[in-house]
Amino acid sequence: PWNVAQRFVDMYPKVEPPTHPKWAVGAPPCAFICGGDGVGCDFGIEKQRTDEWGGLCRRMYYACVSATDHYVGTVLNEVNRLNLDSRTVVAIFGDHGWHLGEGGLWAKYTNFEAATRVPLIIKAPWLAGNHQRHLRQMSKTEADKVSSDGITRADTFVELVDVYPTLVDLAGLPMPPSLEGRSLLHTMKNPYDRGHRALASSQFAHCCPWGTFDAHRECGACEKLPNDRITYMGYAVRNAQYRFVAWYRWNGEEAAPMCDGLMAVELYRH
């Protein structure tokens, strides 16, 4: 909910509009979704949200981000005060992005870049010495990737299923068997090794509660409906250059996509 102290709202008297406010030319309507942002379904592919409403939505979202940053800082300050900072792992991540008007979309519930890319920051203080050695040994190309605050950002793909095994690894605990995720410890020690993942995948279901549907119809998010209420599922794969999405009709009894039910595909170069 966009409920936040007024002082954070006051930080953003004016915000920039979306960079790409319109639905992508040629993209299938079945990929579009409206609602879910707490304001309502007052927009669509052919109907953009008003500048007044859009500006308010973006202001409130930015204010909530700044408030979250403030409260995270409060927690970290307490960790420091208790002298636990040198042996505490801190992991901050989001479960999805938010469109905020990009592509004519406002909430999440999609397989697009804006909804599936998330922030991920992991701090393990005892690895700092390893990081400093990298800074001294890196090439000019690598040095260009280090920000002015001395933080190195790794160019590898990560999925959120990787967070748990990473924390287990950093804590020195035995790794449970049959995990889908992969520890990021090697990447944290070797940030220029891109061998962690070559791509990342995601999926999202849409539900049409009534009537016929096809690739030309907009349907809503399934929220917490059971598997047999899903109408179609979108599968996305992202590598270093492209995002590919395929939409399939769903077999509720089998809880699986229909092999002969391909509805639409999308390909974007990023």
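Located above this text is the structure these notes cover.
Residues numbered from 1 in each chain as written. Predicted model: local features only at pLDDT ≥ 70, side-chain atom pairs only at ≥ 80, totals over all residues. Heavy atoms only, no water.

Enquirer: Is there a simple way to think about helix H2 (residues 51-81) in this case?
Expert: Structural remark: α-helix, 3.6 residues per turn; residues separated by three or four positions point the same way. The end-to-end C-alpha separation of H2 is 45 Å, in line with the 45 Å expected for 31 residues at 1.5 Å each. In this structure, the buried side of H2 is in contact with helix H1 (6-9). Just downstream of H2, Asn83 is the residue with a positive phi angle, here 60°. (Helix = DSSP H or I, 4+ residues; strand = E, 2+ residues; numbered from the N terminus. Expected span 1.5 Å × (residues − 1). Contact = heavy atoms within 4.5 Å.)

Enquirer: It is not clear to me how the pairing of strand E7 (residues 256-269) should be interpreted in this structure. Could you clarify?
Expert: Both faces of the sheet carry side chains from a regular strand, because those side chains alternate between them. Relative to E7, strand E6 (residues 242-251) runs antiparallel, the two being bridged by nine bridges. Bridge pairing links Ala246 to Val265 in E7. Hairpin remark: E6 followed by E7, antiparallel, with four residues in the connecting loop; positive phi at Ala255, about 50°. (Pairing = 2+ DSSP bridges.)

Enquirer: Is there a simple way to think about helix H6 (residues 163-170) in this case?
Expert: Looking at H6, one finds that the buried residues are Val163, Pro165, Thr166, Val168 and Leu170. Along its buried surface, H6 packs onto strand E1 (90-93), strand E2 (120-123) and helix H7 (185-189). Gly172 sits one or two positions beyond H6 and adopts a positive phi of about 75°. (Buried < 20%, exposed > 50% of the residue type's maximum accessible area, 1.4 Å probe, protein only.)

Enquirer: How should I be thinking about the state of the cysteines in this particular structure?
Expert: Should the sulfur atoms of two cysteines be covalently bonded, the bond is a disulfide. One pass over the structure, following the stated rule, counts three disulfides. Each sulfur in the disulfide pair Cys34 and Cys41 lies 1.8 Å from the other. Torsion about the S-S bond of the Cys34 and Cys41 cystine: about -50°, corresponding to left-handed handedness. Disulfide pairing places Cys208 opposite Cys219 at an S-S distance of 1.7 Å. Between Cys208 and Cys219 the disulfide shows an S-S torsion of about 90°. By sign, it is right-handed. Of the two residues, Cys208 is situated in the loop between strand E3 (200-207) and strand E4 (220-221) and Cys219 in the loop between E3 and E4; the sequence distance between them amounts to 11 residues. Considered together, Cys208 and Cys219 belong to a single accessibility category, that of buried residues. In this structure Cys57 is not part of a disulfide, and its nearest cysteine sulfur, from Cys64, lies 11 Å away. Classification of Cys57 by relative accessible area gives buried; the value is 2%. Judged by its relative accessible area of 16%, Cys64 is buried. (Disulfide = S-S within 2.5 Å.)

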